Amino acid sequence: MAQAVKTKTSSRGKVSPARSEDQFAAVRTLFENRRAGYSLDAPFYTDPEVFAADMKGIFGQHWLFAASLAEIPEPGDYVTIDYGPYSLIILRTDEGVNALHNVCRHRGARVLTEPAGTTGNLVCGYHSWTYDAEGSLIHASSPGEINFDKACFSLKRAHSRVVAGLVFVCLAAEPPADFDEVSKIFEPYVAPHEIANAKVAFQQELIEEGNWKLVMENNRECYHCDGHPELACSLFPTWGLTEELVPPHLEDAWQRNVTAETALQERCNRYGLPYEVVEELDTRIAGIRISREPLDGAGESFSATGRRLSKKLLGDLRDFRLGRCSMHLQPNCWFHLLSDHVITFAAFPINEHQTLVRTTWLVADDAVEGVDYDLESLTYTWKQTNVQDKNFVEMCQQGAASPAYEPGPYMKSEYQVEAFINWYTQRMQEHLG
Ligand code: FES
Ligand SMILES: [Fe+2]
């Protein structure tokens, strides 16, 4: 179920911009000079001013994936997420989820310094100012203070909402409204996996030495998938191709894919699961691509044989052979939802040349490690794949930093990369005016 979580307008403070508009003039020119069909100019990946503009225009405006409910299963559970200059506390409450700026209203200290935990009230570690789960300041020991109105010093809030167990946040005063429509698109695909009733089996954090856009671009194409031998066992090597683009050496794989796809669609029809491709990467504000596609081999999971990696089905799914429901949501996340586990990926930019990628493996909450699943096997394929992708991203970041770099042309199979860049350019030009 989509669940809108109300935020108190009275305590949602304005977040000051880090730089003045004038400083974005050069950035605006970069966008105006962008060559369509080609990769971006180097400063988009290397320039701190562009990064600052991205933080305002993209990460300060759009809905971001923060965490799943499986990471904060009980009231009081929280995770902190940091991106660019921001730090947010994502707190489970009795009513839903609150997103609070992790900046103390006394002198600005980080209120919570752990990446995750459980807390009743939120107590700043510096002078012990204490906030409740709504962010209201409830205690500040200050002997002798008389003119001190605690009500004026609540933690600032961001918008948050939960859709199908996924928690999204938005820093904008007025969040983009088309997320309502996008939620309606993806909820029927995601909800059957019952993420809210799953548990975290493992979480991995990788700091990639690359700009956040390179991380997202790399994820939008499989032109490089020869570099993923583990993933190749379960992913058809024809992903991203259309029939006319299939080279002779992949014709067998193409046919295998067509057969598996027909069988998967029959199963989806039987169980009432949507599988159609919805691809609106550069045609709406919350760019999305979602589909359910077959897996190679046994077609159940990301293993070498395609066989299941957890014995427990998620939610009330009734079949292991459901392939992978894959979702990309701009600007910062992608997901693979299988019958036996879900993997969520979130990209949190650190600066212009570093990005944190947080990968979380979820299994049914009654799945027992060592009995129903083996953690090494469960995580093997994507641990390997993530390290390979990190290397690809870092190769590009190094190239972008070289004076010899100039934008190169996108190949046909890279149309989704181009769509992502189109989306980014449109959103930033709207923002920069
Ligand atoms: S900075 Fe948080 S209590 Fe002083
Ligand atoms: Fe990859």
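Residues numbered from 1 in each chain as written. Chains lettered and ligands numbered in written order. Predicted model: local features only at pLDDT ≥ 70, side-chain atom pairs only at ≥ 80, totals over all residues. Heavy atoms only, no water.

(A) Representation of the pattern of salt bridges. Taken as a whole and assessed by the stated rule, the structure comprises 18 salt bridges. Between D54 and K213 there is a salt bridge, with its nearest N and O atoms 2.7 Å apart. In this pair, D54 is assigned in helix α3 (residues 48-57) and K213 in helix α5 (residues 212-218), connecting sequence segments 159 residues apart. Grouping residues by exposure puts D54 and K213 together as buried. A salt bridge links R358 to E205, with the shortest nitrogen-to-oxygen separation between them at 2.5 Å. In this pair, R358 is assigned in strand β18 (residues 354-364) and E205 in strand β12 (residues 198-208), connecting sequence segments 153 residues apart. (Salt bridge = Lys/Arg side-chain N within 4 Å of Asp/Glu carboxyl O. Helix = DSSP H or I, 4+ residues; strand = E, 2+ residues; numbered from the N terminus. Buried < 20%, exposed > 50% of the residue type's maximum accessible area, 1.4 Å probe, protein only.)

(B) Looking closely at the pairing of β18. In terms of burial, β18 is a largely internal element, 11 of the 11 residues being buried. Inspection of the sheet shows β12 paired to β18 by 10 bridges, in the antiparallel sense. Its bridge partner being in β18, V200 is matched across the sheet by L362. Between strand β17 (residues 341-351) and the antiparallel strand that follows it, β18, lie 2 residues. (Pairing = 2+ DSSP bridges.)

(C) Geometry of helix α1 (residues 25-32). Of the positions making up α1, those classed as buried are V27, L30 and F31. The buried residues of α1 all sit within an arc of 95° when viewed along its axis, so they share a single face. For α1, exposure combined with an orientation more than 90 degrees from the buried face picks out A26 and E32. Looking at the buried residues of α1, the elements they touch are α2 (43-46), α3 and α9 (415-432). (Arc of directions from axis to C-beta. Contact = heavy atoms within 4.5 Å.)

(D) Structural context of the domain arrangement of the protein. Domains assigned within the protein are domain 1 (63-161) and domain 2 (178-432). The C-alpha centroid of domain 2 is placed 32 Å from the C-alpha centroid of domain 1. Summed over both partners, the interface of domain 1 with domain 2 buries about 1,300 Å², with 62% contributed by carbon and sulfur atoms. Together, F65, A70 and R161 form the three largest contributors to the area buried by domain 1 at its contact with domain 2, with a combined 40%. Viewed at the interface, domain 2 and domain 1 are joined by 1 salt bridge. R161 serves as the salt-bridge partner of D180, at 2.7 Å between the closest nitrogen and oxygen. (Domains from an automatic or database assignment. Buried area = accessible area lost by both parts, 1.4 Å probe.)

(E) The side chain of S301, seen in detail. Note on placement: S301 falls in the loop between β14 (288-293) and β15 (324-329). The exposure class assigned to S301 is buried, which follows from its relative accessible area of 0%. At 3.0 Å, the side chain of S301 and the side chain of D340 are in polar contact. In terms of polar contacts, S301 uses its side chain to reach the side chain of H341, at 3.4 Å. With residues up to four places along the chain from it excluded, the contact list for S301 reads S234, L295, G306, R307, R308, L309, L338, D340 and H341. (Polar contact = N/O pair within 3.5 Å; in protein donor to acceptor, adjacent residues only side chain to side chain.)

(F) Main features of the coordination of the iron ion (ligand 2). The iron ion (ligand 2) binds to the protein through H224 (NE2), H228 (NE2) and D389 (OD); the donor distances cover 2.0 Å. On the primary sequence, the residues serving as donors to the iron ion (ligand 2) are separated as H-x3-H-x160-D. The residues H224 and H228 share a single accessibility class, namely buried. (Donors = N, O, S within 2.8 Å, 3.2 Å for Na, K, Ca; no water.)

(G) Fine view of the pairing of strand β2 (residues 64-68). Summarising burial for β2: 5 of the 5 residues are buried, a large majority. As defined by bridge partners, β2 adjoins strand β11 (residues 166-170) across 4 bridges and the pair is classed as antiparallel. Opposite L64, over in β11, you have V169 as the bridge partner.

(H) The sheet that holds β18, seen in detail. The strand order across the open sheet formed by 7 strands is β12-β18-β17-β16-β15-β14-β13, and the pairing between neighbours is antiparallel. The sheet is open, and its two edges are formed by β12 and β13 (278-280), each paired on a single side. Strand-to-strand twist in this sheet, taken as the mean axis angle between neighbours without regard to direction, amounts to 15°. Both β13 and β14 contribute to a ladder of 3 bridges, which runs antiparallel. Considered in β14, the bridge of V278 is made with I290. Most of the contacts of helix α4 (residues 179-190) go to β14, to which it runs at about 20°, and overall it touches β13, β14, β15 and β16 (333-337). (Axes fitted to C-alpha atoms, helices over the stretch in contact; angles between N-to-C directions.)

(I) Up close: the state of the cysteines. One pass over the structure, following the stated rule, counts 1 disulfide. One disulfide bridge connects C222 with C225, the sulfur atoms lying 1.8 Å from each other. Between C222 and C225 the sulfur-sulfur dihedral comes to about -100°; the bridge is accordingly left-handed. Per residue, the accessibility class of C222 equals that of C225, and both read buried. C325 supplies the cysteine sulfur nearest to C268, a cysteine that is in no disulfide, at a spacing of 8.9 Å. The class for C268 is buried, based on a relative accessible area of 0%. (Disulfide = S-S within 2.5 Å.)

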